[in-house]
Amino acid sequence: MPLTPEPPVAAPPDLFELEACALERALRARDDHSLSAAQYREALGELAVHFERLMRDSRRLIRRSDREERELNILNSELHRLAAQLEYKAKHDSLTGALNRGAIFERAGLHLERAPLALVVLDIDFFKSINDNHGHPAGDAVICEVVNRLRSAAPALAEIGRVGGEEFSILLPDTDFDTALQLAEGMRQAIAGRCFDCLPGRTVTASFGVSRTAQHGDFGDAYARADEALFEAKRGGRNQVRAGVAASACSSN
């Protein structure tokens, strides 16, 4: 079956066709020496009218273009803002603003490409009883206050993440093991040292585990060692800091 040829595409209209015709008539009048002065004035007047229209349309188009450019700039800024918000939400815990589990593991991998990494993990002691006895809003307030106290006790280079309901991880890039243990003890004291305003009459404590991994080491292994140390702290009575297995070997790297 023969193909039906597509109809030709019509050329877009010439926005300045009238002005072009007026200019052409004025040029013919200029070269026609038989015309009278009145006919010359008429041709010049017609050209002036069309020139004024051309100027008005040009100004209108320029204003429209400027307005559209401003609108595009606003839309572009809004898109960048929304993209930044989405990226932030994808990497941060919505309750506390701390890094989420995925972001912590991603950041840990990046740190280990450059230097050794110490890891502190902690878990709020008896957190279920806080929710059961005081309600989930009080539990959320405790979680937020714990993160605030961790931030006040941690060094500037630390990265704090919420990896579970009441579980947290702190990355300490290029930090030796003894220093990491001291920092974890400072965080423990920051949490247990004074009552929480959101939970009057009850002390909040947390148990800590610490590990360290050499550059290019396995963060999963470091996390497992710190997690096991955390459970030792729980089994040992809570509200204490314990060192992860094989930590001394890691601290020598």
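See above for the structure.
Chemist: Got a minute to help me understand the pairing of strand E1 (residues 117–124) in this structure?
Modeler: When a strand is regular, its side chains alternate between the sheet's two faces. Counting buried positions along E1 yields eight of eight residues, so the element is predominantly enclosed. Alternating residues of E1 divide into Leu117, Leu119, Val121 and Asp123 and Ala118, Val120, Leu122 and Ile124, and every residue in both groups is buried. As paired strands, E1 and strand E4 (residues 206–213) are joined by eight bridges and run antiparallel to one another. The residue of E4 that forms the bridge with Val121 is Gly209.

Chemist: Can you walk me through the nonpolar core in this structure?
Modeler: A general tendency of soluble globular proteins is for nonpolar side chains to be buried together. In terms of nonpolar packing, the biggest core is built from 31 residues, with Leu122, Val142, Val146, Leu150, Ile170 and Ile191 touching the most fellow members. At the level of elements, E1, helix H4 (127–134), helix H5 (136–153), strand E3 (167–173), helix H6 (177–192) and E4 are the ones that each hand at least two residues to this core.

Chemist: When you look at the state of the cysteines in this model, what are you seeing that I'm missing?
Modeler: If you walk through the whole model with that rule in mind, you get zero disulfides. Here Cys144 is not cross-linked by a disulfide; its sulfur's nearest cysteine counterpart is in Cys198, at 8.7 Å. With relative accessibility at 23%, the residue Cys144 sits in the partly exposed group. Of the residues examined, Cys198 reaches a relative accessible area of 29% and is grouped as partly exposed.

Chemist: Whenever I open this one, H6 confuses me. Can you help?
Modeler: Residues spaced three or four apart along an α-helix face the same direction, because each turn holds 3.6 residues. The first and last C-alpha atoms of H6 sit 23 Å apart over 16 residues, in line with the 22 Å expected at 1.5 Å per residue. Buried within H6 we find Phe177, Ala180, Leu183, Ala184, Met187, Arg188, Ala190 and Ile191. Buried residues of H6, seen end-on, are gathered within an arc of 160° and therefore sit on one face of the element. Structural note: H6 exposes Asp178 and Gln182 on the side pointing more than 90 degrees away from its buried face. Between a side-chain oxygen at the N-terminus of H6 and the backbone nitrogen of Asp178 the separation is 3.2 Å; the capping residue is Asp176.

Chemist: When you look at the packing of aromatic side chains in this model, what are you seeing that I'm missing?
Modeler: Under the definition given, this model contains three aromatic pairs. Judged by centre distance (4.9 Å) and plane angle (85°), the ring pair of Phe105 and Phe219 falls under edge-to-face. Of the two residues, Phe105 is situated in helix H3 (residues 101–114) and Phe219 in helix H7 (residues 219–235); the sequence distance between them amounts to 114 residues. Residue classification places Phe105 among the partly exposed positions, given a relative accessible area of 31%. Among the aromatic residues, those joined into a ring-pair cluster are Phe105, Phe219 and Tyr223. Taking NZ or CZ as reference, Arg101 lies 5.5 Å from the ring centre of Tyr223, over its face. When the ring centre of Phe126 is taken as origin, the NZ or CZ atom of Arg238, which lies over that ring, is 4.3 Å away.

Quick notes on the rules
- Sequence order as written defines the numbering, with residues in each chain counted from 1.
- It should be noted that, the model being predicted, local features are given only for residues of pLDDT at least 70 and side-chain atom pairs only at 80 or more, the latter also being counted only at that level, while totals for whole chains, interfaces and linings use all residues.
- Side-chain numbers here rest on the full set of heavy atoms in the structure, without hydrogens or water.
- For every residue, the accessible area (1.4 Å probe, protein chains only) is compared with the maximum for its type, and the residue is labelled buried under 20%, exposed over 50%, or partly exposed between those bounds.
- What counts as a helix is a DSSP run of H or I of at least four residues, what counts as a strand is a run of E of at least two, and both are numbered from the N terminus.
- A pair of strands is considered paired only if DSSP assigns at least 2 bridges between the two.
- Only buried residues count toward a nonpolar core, which is a set of Ala, Val, Leu, Ile, Met, Phe, Trp, Tyr and Cys residues joined through side-chain atoms within 4.5 Å.
- Criterion for a disulfide: a pair of cysteine sulfur atoms within 2.5 Å.
- Multiplying 1.5 Å by the residue count of a helix minus one yields the expected span of that helix.
- The arc under discussion is defined with respect to the helix axis, by the directions toward the C-beta atoms.
- Each polar contact in these results corresponds to two N or O atoms within 3.5 Å; when the atoms are within protein, one needs to be able to donate a hydrogen and the other to accept it, and residues that are neighboring in sequence are counted only if both atoms are side-chain atoms.
- Only rings of Phe, Tyr and Trp enter the pairing, Trp through its six-membered ring, and a pair is recorded when the two centres are within 6.5 Å. The plane angle decides the type: under 30 degrees is stacked, over 60 is edge-to-face, the rest tilted.
- Whether a charge lies above a ring is judged from NZ of Lys or CZ of Arg, which has to be within 6 Å of the ring centre and within 35 degrees of the ring normal.

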